[in-house]
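Summary of structural features
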Amino acid sequence: MLKAPHRLGLVFFPAYDWAISPTHPEREERLLYTQDQVWEEGILDIDGITEYRPRPAGIKDVERVHICVPDVRSRAGDSDLIAAGGALVAADAVLRGEVDRAFAIVRPPGHHAQRIVYGNRGFCNINIEAIMIEYIRRRYGPKRIAIVDTDCHHGDGTQDIYWHDKDTLYISIHQDGRTLYPGSGFLPEFGGPNACGYTLNLPLPPETGEEGFLYAVENLILPVLEDFRPDLIINSAGQDNHYTDPITNMRFSARGYARLTELLQPHIAVLEGGYSIEGALPYVNLGIILALAGLDYSWVREPDYSPAKVAQPREITDYIARLCRETYAAWRQRHEIRARSVAGRKEISRQRRVYYDTEGLLELQKETTLVCDDCAGLTWIDSRCADRGEHILAVFIPRDACPRCRQEGEKLFRRADRRTYTGVYLQDRPEDLLLKE
Amino acid sequence: MLIGLDMGGTHTDAVLISGGEVIRHVKVLTDPADFLASVREALDTLLEGRDPATVRRINLSTTVCTNAIVEGKTEPVGLLLEPGPGLNPSFLACAKVNVFLQGSIDHRGRETGSLKVGELEAAKEQFAAAGIRCLAAVGKFSVRNPAHELEIAKRLEGSYDFITLGHRLSGRLAFPRRVYTAYLNSSVWRVYSRFAEAVRSYGKSRGLKIEPFILKADGGTLTLSGAMNTPVETILSGPAASIMGALALAPGEDDCVILDVGGTTTDIAFCAGGVPLFEPQGIRLGPYPTLVRSFFVHSIGLGGDSSVRIADRRMAIGPQRQGPPVALGGPAPTPTDAFIALGMLPVGDRGLAVEAIEGLGRSLGLSVRATAHSILDELAAGIAGAVGRLLNYLNSRPVYTIREVLTERKLEPRRVIAVGAPAPLLKPFLEKALGLPVEVPSLAGVANAVGAALSHPTATLAVFADTERGVLTAPEIGWQERIGRSFSLDDARQRAFALLERRLRELGYTEGTPEIEVIEEQSFNMVRGFYTVGRNIRLKVQNRPSLGGLKGGGNCHA
Ligand SMILES: [Zn+2]
Ligand SMILES: [Zn+2]
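All values derive from a computational prediction rather than experimental measurement.

Cut-offs and rules
Residues numbered from 1 in each chain as written. Chains lettered and ligands numbered in written order. Predicted model: local features only at pLDDT ≥ 70, side-chain atom pairs only at ≥ 80, totals over all residues. Heavy atoms only, no water. Buried < 20%, exposed > 50% of the residue type's maximum accessible area, 1.4 Å probe, protein only. Helix = DSSP H or I, 4+ residues; strand = E, 2+ residues; numbered from the N terminus. Pairing = 2+ DSSP bridges. Right-handed = clockwise from strand over helix to strand, strands pointing away. Donors = N, O, S within 2.8 Å, 3.2 Å for Na, K, Ca; no water. Tetrahedral: all angles 85-135°; square planar, octahedral: opposite > 155°, others 65-115°. Axes fitted to C-alpha atoms, helices over the stretch in contact; angles between N-to-C directions. Contact = heavy atoms within 4.5 Å.

The next point concerns the pairing of strand S10 (residues 162–165) of chain B. All names here are of chain B. Here S10 shows a buried face lined by Phe-162 and Thr-164 and a second buried face lined by Ile-163 and Leu-165. Bridging between strand S9 (residues 134–139) and S10 involves four bridges; their strand directions are parallel. Note that in S10 the partner of Cys-134 across the bridge is Phe-162. A crossover links S9 with its parallel partner S10, the connecting element being helix H4 (residues 147–156), and its sense is right-handed.

Below, the structure is given as structure tokens:
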């Protein structure tokens with residue numbers, strides 16, 4: 001049999017007994033043909049590839065990242081906890097040194113789930129990558145981590161969770177938000193006041209082909225990673241950029257995904273979206289597995305593949321080149337950009353409307369962050385969700401909180417008027433606690 | 001009367017069972033140059049003074065095919081592969097002549113690339129130039145649609161002595177295993193055919209009225225002639241014979257560990273609720289992972305004849321065997337010498353054993369008795385450690401549904417059955433090391449032959465039904481039929497049961513209604529757009545290996 005040059009751990013959790021609804025894209029059948037392909041290829045007989053059994057993530061693992069209103073069990077089902085737990089198992093395999101890389105092929109996905117959770121957004125309840133990353137830091141010590149989100153949709157949940165964290169670089173390439181859910185993910189979304197530049201968005205135009213994706217990886221993502229020097233690279237490996245995907249408009253291929261993975265060399269890849277369950281997923285997942293293991297993927301090919309299906313017009317090529325240039329320039333100037341935006345300000349606020357498409361809920365947020373040179377800065381969010389009858393205050397003491405930000409946070413939590421809010425929450429990362437009143 | 005015979009590497013064991021009791025057992029040396037001679041010698045001894053016409057069943061576990069493969073004495077094969085898209089298939093070129101064909105079938109069984117007939121003509125010339133007489137044809141996803149393999153067979157058969165078609169070997173998805181299994185099957189076809197022919201004419205000359213059965217690695221049997229199509233199924237049946245024997249001699253419905261302690265190795269197997277665990281995919285033979293169904297058996301290099309030495313001021317045992325025990329003229333002390341030195345085993349020269357054990361203990365400052373105990377404790381600890389690791393592995397195997405993640409059933413053995421020659425003496429040491437009661441049946445030394453004698457035909461059957469395509473396929477028996485839109489999981493289950501029962505009858509199953517169970521079943525609605533376009537049903541059924549014919553062990557049919 002074959003031997004894999006890189007030892008690879010696989011966590012496969014197709015949740016064959018769970019669907020959002022019978023005809024929803026997130027249904028039992030989604031990973032069936034992927035499993036057929038992976039099994040028929042004999043992937044698990046390859047020397048150096050090991051399959052791991054998923055386990056449910058703990059409530060505490062979720063609370064480290066999210067404020068679920070009113071609580072975790074009301075918002076996250078068994079399938080969510082097992083998908084997140086699958087990512088934890090993958091992380092353990094890598095960080096214990098049992099494997100060089102790992103791939104969690106799990107469902108449902110997570111990258112649209114934000115810090116505050118009132119319900120399901122874009123098929124996601126809880127953010128499985130973020131839960132994994134914070135688990136890694138808690139269990140294995142501080143790490144600089146880069147998340148590269150290659151799902152076709154902007155990972156607005158992951159962006160929100162790491163908005164203030166300059167130890168976690170979030171780079172997303174996705175279909176332009178003017179043409180696709182969730183509508184966000186543009187260059188000006190560049191990170192919070194204390195983590196300016198550590199969120200990078202590259203909105204690619206519809207019909208971007210194989211060339212465009214690989215260009216963005218080679219000319220933006222890799223140079224930024226080179227500068228950032230992460231300890232770990234996490235790939236949110238959504239597969240809906242495929243030319244056969246029914247809910248998006250891109251022109252990427254299985255072999256393209258494999259090449260992207262080979263360039264990126266992520267330590268851990270986590271499946272996100274991807275809804276072309278027969279035409280794409282079996283081949284894309286296989287391509288990613290082979291690339292992670294360091295095996296030849298040149299024979300991976302969709303039955304209906306042709307170069308014309310992944311070609312892009314000249315204008316798109318030029319547009320992407322310009323976009324990459326501008327984004328990389330902004331990244332290089334991130335310190336100057338921050339200095340200008342926080343000059344003379346003690347705190348910075350923003351207002352946001354967060355829409356939960358699956359259940360039709362609307363959340364209104366006012367978020368405030370202390371400008372701080374010593375830590376990620378205290379943040380608090382005043383959040384209302386009239387559809388759920390909730391009005392909460394969420395206070396976030398960051399992982400590296402300085403004494404001032406900690407004191408301010410505790411004070412805010414203590415003094416918040418209990419009559420105004422249906423719930424007051426304190427997420428205390430250094431103490432690994434979630435307090436709720 | 002029932003006869004069971006297990007041909008091992010060094011010995012061939014055989015038993016004669018009558019009235020539910022073992023009434024005669026023999027042990028002869030295996031002659032690797034003439035396997036039939038060993039069979040003849042053992043059977044002649046068993047049948048001495050008895051009427052061969054009253055023998056109702058003969059089950060043989062033979063190493064003919066295993067040996068041919070391990071020793072490279074197989075026939076050159078022409079391999080026709082249709083790999084389709086996926087892994088680079090060059091690593092599968094295991095045969096003398098390997099031909100990679102275009103054409104492909106996808107996961108649903110749809111043709112996504114047609115077979116090129118011209119390539120078959122070119123292949124024929126290559127085979128002719130290399131003097132190839134046996135072929136194997138294997139396509140990716142051929143179990144979902146065997147059309148291309150069948151087309152290859154149609155165009156090539158007649159010009160060759162034997163062709164293995166991949167989809168007939170197993171319904172499991174695992175193209176590389178299918179390739180290796182098909183290759184091995186063709187490569188041992190001739191050696192098996194000759195053996196089968198020789199056994200048949202021997203039986204005729206002795207006046208036997210029945211066709212012998214051959215034991216498989218899954219504890220089931222198939223007829224001598226039935227195995228002509230799938231001789232690969234006869235490989236590595238020895239451990240299965242011992243497991244079946246252990247279960248016949250010490251039956252139970254619980255979780256248990258089965259140990260077969262031999263001279264150089266110990267085989268470890270497990271039962272869940274009284275039923276042996278299977279390899280999830282198939283057995284591995286040398287470098288080849290296969291689809292040959294087998295009990296889960298793990299072999300470790302520790303046995304009664306393993307050599308003992310001191311390393312880092314500790315007792316170290318195995319994995320190599322340097323020869324017989326010192327007491328029998330061997331070069332290095334063994335656990336058997338420890339038994340002899342302790343006076344537990346009256347064979348060989350005890351003085352030599354004591355001297356050897358004393359020599360080992362001197363550097364550790366231990367007495368003969370303490371040294372001997374320490375050796376046997378170490379042997380038992382080695383076996384117990386392996387049992388623990390395997391349990392850990394078995395209890396962390398992946399599952400794919402929420403229900404299975406949340407309601408995990410763990411294997412928790414409550415007892416151990418130990419067979420093999422050293423088992424009776426090793427019992428107290430094993431009990432201490434494993435912390436479990438150890439049962440050593442009285443016929444532990446010939447458990448393998450007993451197990452062989454009591455086995456029945458087994459078969460598995462995979463069924464795929466795709467109501468959108470309107471096709472039901474049962475690859476192992478080459479069955480395809482049209483089905484309607486409303487075909488359900490229940491319908492599929494009924495069909496699978498009927499097809500399996502029919503197959504078992506063909507394989508010589510005569511013991512009443514076979515106990516058929518479902519080992520996997522899944523039914524998925526296939527949704528395209530907002531509409532359900534059909535159902536995708538997968539089902540695997542089998543009959544459990546069953547035992548019959550021994551008093552106190554299972555049902556008595558003898
Ligand atoms: Zn997506
Ligand atoms: Zn601070």
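Further notes follow.
This part takes up the coordination of the zinc ion (ligand 1). Residues and elements named next belong to chain A. The protein atoms that coordinate the zinc ion (ligand 1) are Asp-151 (OD), Asp-151 (OD), His-153 (ND1) and Asp-240 (OD), at distances of 1.9 to 2.8 Å. For the zinc ion (ligand 1), the four donor atoms are set out with angles of 52 to 155 degrees between them, so the coordination reads as irregular. In primary-sequence terms, the residues that donate to the zinc ion (ligand 1) follow D-x1-H-x86-D. With His-153 in the loop between strand S6 (145–149) and helix H6 (156–161) and Asp-240 in the loop between strand S9 (232–237) and helix H8 (254–264), this pair connects stretches of sequence that are 87 residues apart. In this structure His-153 comes out as buried when scored by relative accessible area, which is 9%. With relative accessibility at 0%, the residue Asp-240 sits in the buried group.

This part is about the coordination of the zinc ion (ligand 2). Residue and element names in this part refer to chain A. Around the zinc ion (ligand 2), the protein contributes the donor atoms Cys-372 (SG), Cys-375 (SG), Cys-402 (SG) and Cys-405 (SG), at 2.2 to 2.3 Å from the metal centre. Coordination geometry of the zinc ion (ligand 2): the four donor atoms subtend angles of 101 to 117 degrees at the metal centre, consistent with an arrangement described as tetrahedral. Coordination of the zinc ion (ligand 2) draws on donor residues from a single chain, spaced C-x2-C-x26-C-x2-C in sequence.

What follows deals with unusual backbone geometry. Residue and element names in this part refer to chain A. Here the amide bond leading from Val-69 into Pro-70 is cis, since omega sits at 0 degrees, within 30 degrees of zero. In this structure, Pro-70 sits in the loop between strand S3 (67–68) and helix H3 (72–75). The omega angle of the peptide bond from Arg-107 to Pro-108 is 0 degrees, so this bond is cis rather than trans. Here Pro-108 shows up in the loop between strand S4 (101–106) and strand S5 (116–117). Even without being glycine, Asp-432 reaches a positive phi, approximately 55 degrees.

With that settled, the discussion passes to the sheet that holds strand S12 (residues 361–370) of chain A. Residue and element names in this part refer to chain A. Taken in spatial order, the six strands line up as S11-S12-S13-S14-S15-S16 in an open sheet, and their pairing is mixed. Lying at the two open borders of the sheet, with one neighbouring strand each, are strand S11 (347–356) and strand S16 (433–436). This sheet shows a mean twist of 15 degrees between the axes of neighbouring strands, independent of strand direction. Here S12 runs beside strand S13 (residues 379–385); their pairing, made up of six bridges, is antiparallel. If you follow Glu-367 over to S13, its bridge partner there is Ile-381. Together, S12, S13, strand S14 (390–397), strand S15 (423–428) and S16 form the strand contacts of helix H12 (residues 403–415), whose direction differs from that of S14 by roughly 160 degrees.

Residue and element names in this part refer to chain A. With seven of 10 residues buried, S12 is to be regarded as a mostly interior element. Here S11 pairs with S12 via 10 bridges, running antiparallel. Bridge pairing in S12 places Tyr-356 opposite Leu-361.

Purely spatial values, then, with no claim about function.
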